[in-house]
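The lines below spell out each chain.
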Amino acid sequence: MSSATLAEKQSLLAHNKPSKHRSDRYVLVIHGGAGTMSKENSTPEQRAKYKAALSKALQAGHAVLSEGGEAMDAAVAAVSTMEDCPLFNSGKGAVFNVAGKNELETSIMLSKPPASHPHIPSSRRGFGLTLLTHVPNPSKLARALYLAPTAAPHTMLSGAAAEHIGEELGLELVDESYFFTEARWKEHRRGLGLPEEPLPYPAEGSGSLDIPLDQLPTGTVGAVALDVRGCISAVTSTGGRTNKLVGRIGDTPSMAAGFWAEEWPVKSKIRRAWARLTGKSDKLAVGVSGTGDGDYFIRLATASTIGRRMRYLGESVTRASKECVEELRLDGGIGGVIALDNKGHVAMPLNCSGMYRGVIRKDGVPKTAIFDDDELD
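Residues numbered from 1 in each chain as written. Predicted model: local features only at pLDDT ≥ 70, side-chain atom pairs only at ≥ 80, totals over all residues. Heavy atoms only, no water.

Per an unreviewed UniProt entry, the protein chain goes by the name Asparaginase and belongs to Hermanssonia centrifuga.

1. So, the overall build of the protein chain
To be explicit about the condition: Strands are runs of DSSP state E lasting at least two residues, helices are runs of H or I lasting at least four, and both sets are numbered from the N terminus onward. For every residue, the accessible area obtained with a 1.4 Å probe (protein chains only) is divided by the maximum for its type, and the residue is called buried under 20%, exposed over 50%, and partly exposed between those limits. By definition, residues are in contact when any of their heavy atoms lie within 4.5 Å. Methods summary: accessible areas were calculated by the Shrake-Rupley approach with a probe of 1.4 Å, and residue burial reflects only the protein chains presented.
Across its full length, the protein chain holds 10 helices and 12 strands. For the protein chain, with 377 residues in total, the buried portion stands at 53%. Across the protein chain, every contact between residues at least 6 apart in sequence was considered, and the portion connecting residues at least 24 apart equals 72%. Taken as a whole, the protein chain presents about 15900 Å² of accessible surface, with 54% of it coming from carbon and sulfur.

2. Some words on the UniProt feature "binding site: substrate" (unreviewed entry) in the protein chain
Rule in force here: UniProt positions are given in the numbering used here, feature names are shortened, and annotations may be inferred rather than shown by experiment.
With numbering matched to this structure, UniProt assigns "binding site: substrate" (unreviewed entry) to Arg248, Ile249, Gly250, Asp251, Thr291, Gly292, Asp293 and Gly294. Of note, glycine 250 is situated in the loop between strand 6 (232-238) and strand 7 (259-265). Its relative accessible area of 1% is what places glycine 250 among the buried residues. Those residues within four positions of glycine 250 in sequence are excluded, and the remaining contacts are Glu105 and Ile298.

3. A short note on the confidence of the model for the protein chain
What counts here: Within a predicted model, pLDDT stands for the predictor's per-residue confidence, ranging from 0 to 100.
Summarising the model, the protein chain shows a mean pLDDT of 91, and 88% of its residues fall at 70 or more. Contacts from residues 1-19, a stretch scored under 50 in pLDDT, to residues over four places away or in other chains number 13 contacts.

4. Focus: the packing of helix 9 (residues 302-313) against helix 10 (residues 317-331)
Quick reminder of the rule: Here an angle of 0 to 180 degrees is reported between the N-to-C directions of two axes, which are lines fitted to C-alpha atoms, with helices fitted over the stretch in contact. These descriptions rest on fixed angle ranges, namely under 35 degrees for roughly parallel, over 145 for roughly antiparallel, 65 to 115 for roughly perpendicular, and the rest for oblique. In this scheme the crossing of two helices becomes right-handed for a clockwise turn of the near helix relative to the far one and left-handed for an anticlockwise turn of less than a right angle. Throughout this entry, Asp, Glu, Lys and Arg are counted as charged residues, while Ala, Val, Leu, Ile, Met, Phe, Trp, Tyr, Cys and Pro are counted as nonpolar. The remaining residues, Gly among them, count as polar.
The contact between helix 9 and helix 10 brings their axes to 9 Å, and the two run at 140 degrees. By the angle class used here, helix 9 and helix 10 are oblique. Two packed elements cross with a definite hand, and for helix 9 against helix 10 that hand is right-handed. Counting all contacts with helix 9, which are made through Thr302, Thr305, Ile306, Arg309 and Met310, the residues of helix 10 involved are Val317, Ala320, Ser321, Glu323, Cys324 and Leu328. Residues of the contact of helix 9 with helix 10, tallied by class, amount to six nonpolar, three polar and two charged.

5. Re unusual backbone geometry
Trans peptide bonds make up most of the peptide bonds, and negative phi angles are found at most residues other than glycine. For the bond running from glutamate 197 to proline 198, omega is 5 degrees, close enough to zero to count as cis. Considering the arrangement of structural elements, one finds proline 198 in the loop between helix 6 (182-191) and strand 5 (221-226). If you check the backbone angles, leucine 131 has positive phi at about 55 degrees while not being a glycine.

6. Quick word on the sheet that holds strand 3 (residues 126-132)
Consider a sheet: its strands pair through backbone hydrogen bonds, and that pairing is either parallel or antiparallel. The cut-off we apply is this: Paired strands, as defined in this entry, are two strands with at least two bridges between them according to DSSP.
The eight strands are arranged 4-3-2-6-5-1-11-12 in an open sheet whose pairing can be described as mixed. Across the chains shown, the open sheet's two edge strands, defined by having one partner strand only, are strand 4 (156-158) and strand 12 (367-371). Here the strands of the sheet are splayed against their neighbours by 10 degrees on average, with no regard to which way each runs. Pairing geometry for strand 1 (residues 27-35) and strand 5, over five bridges, is antiparallel. Bridge pairing links valine 27 to leucine 226 in strand 5. Where helix 3 (residues 71-83) meets the sheet, it contacts strand 1, strand 2 (104-110), strand 5 and strand 6, and its direction lies at approximately 155 degrees from that of strand 5. Those strands touched by helix 4 (residues 138-146) are strand 2, strand 3, strand 4 and strand 6, and its axis lies near 135 degrees from that of strand 3.

7. Let's talk about the sheet that holds strand 7
Sheet architecture is open: four strands sit in the order 7-8-9-10, paired in antiparallel fashion. Of all strands in the sheet, those bounded by a partner on one side alone are strand 7 and strand 10 (346-347). Relative to strand 10, strand 9 (residues 335-341) runs antiparallel, the two being bridged by two bridges. Across the sheet, leucine 340 pairs through a bridge with valine 346, a residue of strand 10.

8. Overview of the packing of aromatic side chains
The condition that has to hold: Here a pair means two rings of Phe, Tyr or Trp (six-membered ring of Trp) with centres within 6.5 Å. Their orientation is stacked below 30 degrees between planes, edge-to-face above 60, and tilted elsewhere. Geometrically, a charge over a ring is one whose NZ (Lys) or CZ (Arg) sits within 6 Å of the ring centre while staying within 35 degrees of the ring normal.
For the structure on display, the rule yields eight aromatic pairs. Look at phenylalanine 88 and tyrosine 356: their rings are 5.9 Å apart centre to centre, the planes differ by 80 degrees, and that puts the pair in the edge-to-face class. You can see phenylalanine 88 sitting in the loop between helix 3 and strand 2 and its partner tyrosine 356 sitting in strand 11 (residues 354-360), a full 268 residues away along the chain. Taken as a pair, phenylalanine 88 and tyrosine 356 share a single burial class, namely buried. Grouping aromatic residues by their ring pairs yields a cluster made of Phe96, Phe180, Trp185 and Tyr201. The lysine or arginine in question, lysine 92, covers the ring of tyrosine 178, its NZ or CZ lying 5.0 Å from the ring centre. The ring of tryptophan 260 carries the charged tip of arginine 125 above its face, separated from the ring centre by 5.1 Å.

9. With respect to the pairing of strand 6
Most of strand 6 is tucked away, with seven of its seven residues classed as buried. Relative to strand 6, strand 2 is paired through six bridges, and the arrangement is antiparallel. Among the inter-strand pairings, methionine 109 is bridged to a residue of strand 6, identified as alanine 234. Relative to strand 6, strand 5 is paired through six bridges, and the arrangement is antiparallel. When the sheet's bridge partners are listed, glycine 222 is paired in strand 6 with threonine 236. The turn joining strand 5 and strand 6, which pair antiparallel and follow one another in sequence, is formed by five residues; a positive phi near 85 degrees is taken by glycine 230.

Below you can see the structure in the form of structure tokens.
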């Protein structure tokens, strides 16, 4: 047996050992972008297709969590499912920049190192990637580089250098044509006031149901997962905003702006003593993934501000998330966030007409919504 295989088996054994803080509470919350979708201009078939795609992503992540898997693996499973779906602005469905090219972004962050990879230092925190052009599932590359601190010792990388490291780590690269979808191409051309044809690649023959609800989107896809060990992971992926300038970097790979996860000790001595007495964790934690007009998220450090409000003001995840999304609105930015704490509380506030969103808990029943006045069902 090779030393690498032995180390992997030892890691898995350690990962599956009972923990005094192990819980049967696990939750996954996702979004598929926020912004300009209109209920009046949508069809029942379109809405059903989006809700089915959201449910598929939730079930992919739940399959990991229900087996005791890591939060990061559940979040990546959910996000990569949406990256494979042309309805969402990420991966296969990514929008085009002003030059008619796809430049993808992604990120991952954990509240604490994954139990299955004990060599990851707690200071590692997360990883962001931008200007990707050949990775079909950017979220998988973010995970791979986060787990490779020697190969990628930084907090962010871009373009060909990041993709080269990913290829060395065993990830697949694809031709740029992979990201072409006729609907997104026509959005790009209409946005610039240019003819929609000729197409740069052969038409896919897709029908009207493949036309996205969100026109000229600025959104992303994202997932925040809580596993049975109390670890929270936030994973986000996007094609950016339609007709962005070449080389533009948004909030998705920018730590503290479009994504965040952290853990901190409970302040109260009484609550810490009670946690020790009951065998529960004496830590609080949160994970956040944002979607919308990323430039505003960057200016306001929206994702980390949610965590700071919880940590230093003692606000709930619901209150902190709502306040930060309202702050975006007052500043002129549209969007929303998904946020999750280590008690399983979920927040999904938005300040616009809609945000594809959903949650799944231990019962395995996916609940989804699209528009701002929708209830989860």
